[in-house]
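Examining the three-dimensional arrangement
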Amino acid sequence: MDVFKGYKNVPKEFMGSCVAIGNFDGMHLGHQELLKVAKKNAKKLVTHSLVYTFEPHPSQVLSGGKKLPLIFTKEQKIQSLENYGMSGAVFEPFNNDFAKISAEDFVNEILINSLKVAAIVVGENFTFGYKAKGNVKLLKQILAKKGVLLNIVSPILVSSSVCSSTFIRKFILQGEVEKASKMLSQPYLLAGVVVKGHGRGKKLNIPSANLKTNNELVPKNGVYATRVEIENDNKKYLGATNIGFKPTFNNNEELSIETHILDFAANIYGKKIKLSFLKKIRDEKRFSSSAELVKQINKDILTIKKVNY
Ligand SMILES: Cc1cc2nc3c(=O)[nH]c(=O)nc-3n(C[C@H](O)[C@H](O)[C@H](O)COP(=O)(O)O)c2cc1C
Ligand SMILES: Nc1ncnc2c1ncn2[C@@H]1O[C@H](COP(=O)(O)OP(=O)(O)O)[C@@H](O)[C@H]1O
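Definitions and limits used
Residues numbered from 1 in each chain as written. Chains lettered and ligands numbered in written order. Predicted model: local features only at pLDDT ≥ 70, side-chain atom pairs only at ≥ 80, totals over all residues. Heavy atoms only, no water. Near = heavy atom within 4 Å. Polar contact = N/O pair within 3.5 Å; in protein donor to acceptor, adjacent residues only side chain to side chain. Areas by Shrake-Rupley, 256 points an atom, 1.4 Å probe, with all protein chains shown as cover. Axes fitted to C-alpha atoms, helices over the stretch in contact; angles between N-to-C directions. Helix = DSSP H or I, 4+ residues; strand = E, 2+ residues; numbered from the N terminus. Parallel < 35°, antiparallel > 145°, perpendicular 65-115°, else oblique. Left-handed = near helix turned anticlockwise from the far one by under 90°. Contact = heavy atoms within 4.5 Å. Nonpolar A, V, L, I, M, F, W, Y, C, P; charged D, E, K, R; others polar. Pairing = 2+ DSSP bridges. Salt bridge = Lys/Arg side-chain N within 4 Å of Asp/Glu carboxyl O. Buried < 20%, exposed > 50% of the residue type's maximum accessible area, 1.4 Å probe, protein only. UniProt positions renumbered as here; feature names shortened; annotations may be inferred. Expected span 1.5 Å × (residues − 1). Phe/Tyr/Trp six-rings, centres within 6.5 Å; stacked < 30°, edge-to-face > 60°. Lys NZ or Arg CZ within 6 Å of the ring centre and 35° of its normal.

The subject of this paragraph is the site of ligand 1. Neighbouring ligand 1 are 20 residues; R200, K246, T248, R282 and K285 lie closest to it. Taking G201, its main chain carries an N or O atom lying 3.3 Å from an oxygen atom of ligand 1. In the model, an oxygen atom of ligand 1 is placed 3.4 Å from a nitrogen or oxygen of the S208 side chain. Taking 630 Å² as the accessible area of ligand 1 by itself, protein coverage stands at 99%.

For the pair helix 7 (residues 165-173) and helix 8 (residues 177-184), the least separation of the axes is 7 Å and the interaxial angle reads 155 degrees. One element, helix 7, and the other, helix 8, form an angle in the roughly antiparallel class. For the pair helix 7 and helix 8, the sense of crossing is left-handed. Across the interface between the two elements, F167, I168, F171 and I172 from helix 7 touch V177, K179, A180, M183 and L184 from helix 8. Looking at the contact of helix 7 with helix 8 residue by residue, the classes come out as eight nonpolar, no polar and one charged.

Strand order in the closed barrel formed by six strands is 9-10-13-12-11-14, and the pairing between neighbours is antiparallel. On average, each strand axis in the sheet is inclined to that of its neighbour by 45 degrees, with strand direction left out of account. Contacting strand 11 (222-230), strand 12 (233-244), strand 13 (256-261) and strand 14 (272-282), helix 10 (residues 290-304) crosses the sheet at an angle of about 95 degrees to strand 14.

Moving on, we get to the pattern of salt bridges. Going through the model one piece at a time under the given rule, you end up with nine salt bridges. Residue E176 is joined to K179 by a salt bridge in which the shortest nitrogen-to-oxygen separation is 2.9 Å. The class for K179 is partly exposed, based on a relative accessible area of 43%. For E258, the salt bridge is made with K246, and the minimal N-O distance between the two is 3.5 Å. Of the two residues, E258 sits in strand 13 while K246 sits in the loop between strand 12 and strand 13, which places them twelve residues apart along the sequence. Using a relative accessible area of 12% as the deciding quantity, one classes E258 as buried. The class of K246 is buried, set by a relative accessible area of 12%.

Moving on, we come to the packing of helix 5 (residues 103-114) against helix 6 (residues 136-146). Closest axis-to-axis distance for the helix 5/helix 6 pair is 10 Å, and the angle between their directions is 40 degrees. By the criterion of interaxial angle, the relationship of helix 5 to helix 6 is oblique. Judged by the twist between their axes, the crossing of helix 5 over helix 6 is right-handed. On the side of helix 5, the interface is formed by A103, E104, V107, N108 and I112, while helix 6 contributes L138, L139, I142, L143 and K146. Here the contact of helix 5 with helix 6 is composed, by residue class, of seven nonpolar, one polar and two charged.

Here we take up the UniProt feature "domain: Riboflavin kinase" (unreviewed entry) in the protein chain. Here, UniProt's "domain: Riboflavin kinase" (unreviewed entry) annotation points to residues 183-309. For residues 183-309, the helix share is 17%, the strand share is 40%, and the end-to-end C-alpha distance is 18 Å.

Taken together, the neighbourhood of ligand 2 is formed by 20 residues, with G197, G199, K202, N210 and Y269 sitting nearest. Within the side chain of N210, an N or O atom sits 2.6 Å from an oxygen atom of ligand 2. A distance of 2.8 Å is found between an oxygen atom of ligand 2 and a backbone nitrogen or oxygen belonging to I268. Across the complex, the protein chains shield 95% of the 560 Å² of accessible surface that ligand 2 would expose by itself.

So, about helix 1 (residues 29-44). Its 16 residues place the ends of helix 1 23 Å apart at the C-alpha level, agreeing with the 22 Å of an ideal helix rising 1.5 Å per residue. Buried within helix 1 are the following residues: G30, H31, Q32, L34, L35, V37, A38, N41 and A42. Positioned one or two residues after helix 1, V46 has a phi angle of 50 degrees, which is positive.

Using the criterion set out here, one finds twelve aromatic pairs in the structure. Consider the rings of F4 and F14, whose centres lie 5.0 Å apart with planes at 65 degrees: the pair is edge-to-face. You can see F4 sitting in strand 1 (residues 2-5) and its partner F14 sitting in the loop between strand 1 and strand 2 (18-21), a full ten residues away along the chain. The exposure classification of F4 matches that of F14, with both residues buried. Consider the rings of F167 and F171, whose centres lie 6.0 Å apart with planes at 15 degrees: the pair is stacked. Linking F167 with F171, this pair stays in helix 7, spanning four residues, or about one helical turn. Joined through ring pairs, the aromatic side chains of Y52, F54, F94, F98, F106, F126 and F128 make up one cluster. The ring of F91 has K74 sitting right over it, with the charged end atom 4.9 Å from the ring centre. Over the ring of F249 we find R200, and its NZ or CZ is 4.1 Å from the ring centre.

Structure below.
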């Protein structure tokens with residue numbers, strides 16, 4: 001997949017593409033549908049399927065610095081677009097100047113005159129342009145005059161809720177990872193590198209790999225059943241992951257994300273791992289002794305062994 005920084009850098013070859021527009025944070029079922037439609041159209045019209053997306057996420061510019069934790073890192077978003085078979089992606093630098101472009105100019109100047117789009121695919125609730133004044137009704141009016149195809153994708157419902165990145169973020173922050181999995185069509189995933197901790201885990205006979213991640217959205221503190229993938233190891237493992245501050249040891253530590261990998265024994269410091277969050281088992285607790293904590297973790301492991309992964 002080719003990645004372009006802004007519409008001005010899109011080469012001639014990609015003019016006349018079928019373009020899906022959106023943020024695609026998390027690539028949930030609704031996003032997947034948009035890409036399917038763009039790809040189908042591209043095949044029919046014998047042209048490229050292109051994604052038009054923004055960087056950073058517009059809310060991070062428009063919310064006056066209040067940062068929205070994103071589901072994907074940029075690398076994960078690119079990988080996902082590639083996995084879904086898109087031929088190109090435009091990452092439009094989003095700043096205060098870009099936000100001032102009117103809805104009409106966005107369609108006429110950028111989509112029609114510059115990108116010479118053949119078809120546009122958006123969700124029913126898509127808004128765009130200065131103060132988000134543009135909507136699908138306006139898009140329809142402008143595109144019809146210019147003979148550009150428009151596909152409006154209806155919201156996808158999951159357990160009677162509209163599938164959306166906002167809901168997914170909320171579920172993850174509340175520890176409801178199974179609900180997030182349903183909308184994402186796969187479990188929420190944290191990726192990163194294993195770093196050193198205090199070395200207490202091995203002493204307690206429960207080594208736990210500490211994750212350093214660039215993912216912004218961290219599930220609510222607690223103990224989770226996870227699926228663990230380790231760099232250069234084709235197997236998938238079950239993990240007992242704790243997210244929190246280890247109150248039993250009361251050292252005002254930083255938030256840690258650590259995983260005891262079941263049926264596994266090897267040094268993996270410095271290795272890349274991925275944790276997929278399958279199920280929350282319990283809240284993090286303060287125990288009166290490390291022996292009590294170990295007893296509980298052994299119970300957690302028995303519970304987690306029953307989880308499908
Ligand atoms: C499955 C699991 C559950 C845990 N639950 C708790 C908990 O409820 N309370 C707590 O204080 N620490 C909990 N911990 C964190 C342990 O205190 C931690 O693994 C141990 O201190 C080793 O930390 P270290 O990496 O700093 O050496 C848990 C760890 C794991 C792997
Ligand atoms: N089953 C396992 N699960 C997690 N880590 C393991 C396992 N077996 C060995 N290890 C190794 O042990 C390290 C964790 O041991 P621990 O004493 O908790 O050290 P630290 O405090 O540095 O994380 C991991 O980073 C990994 O290299």
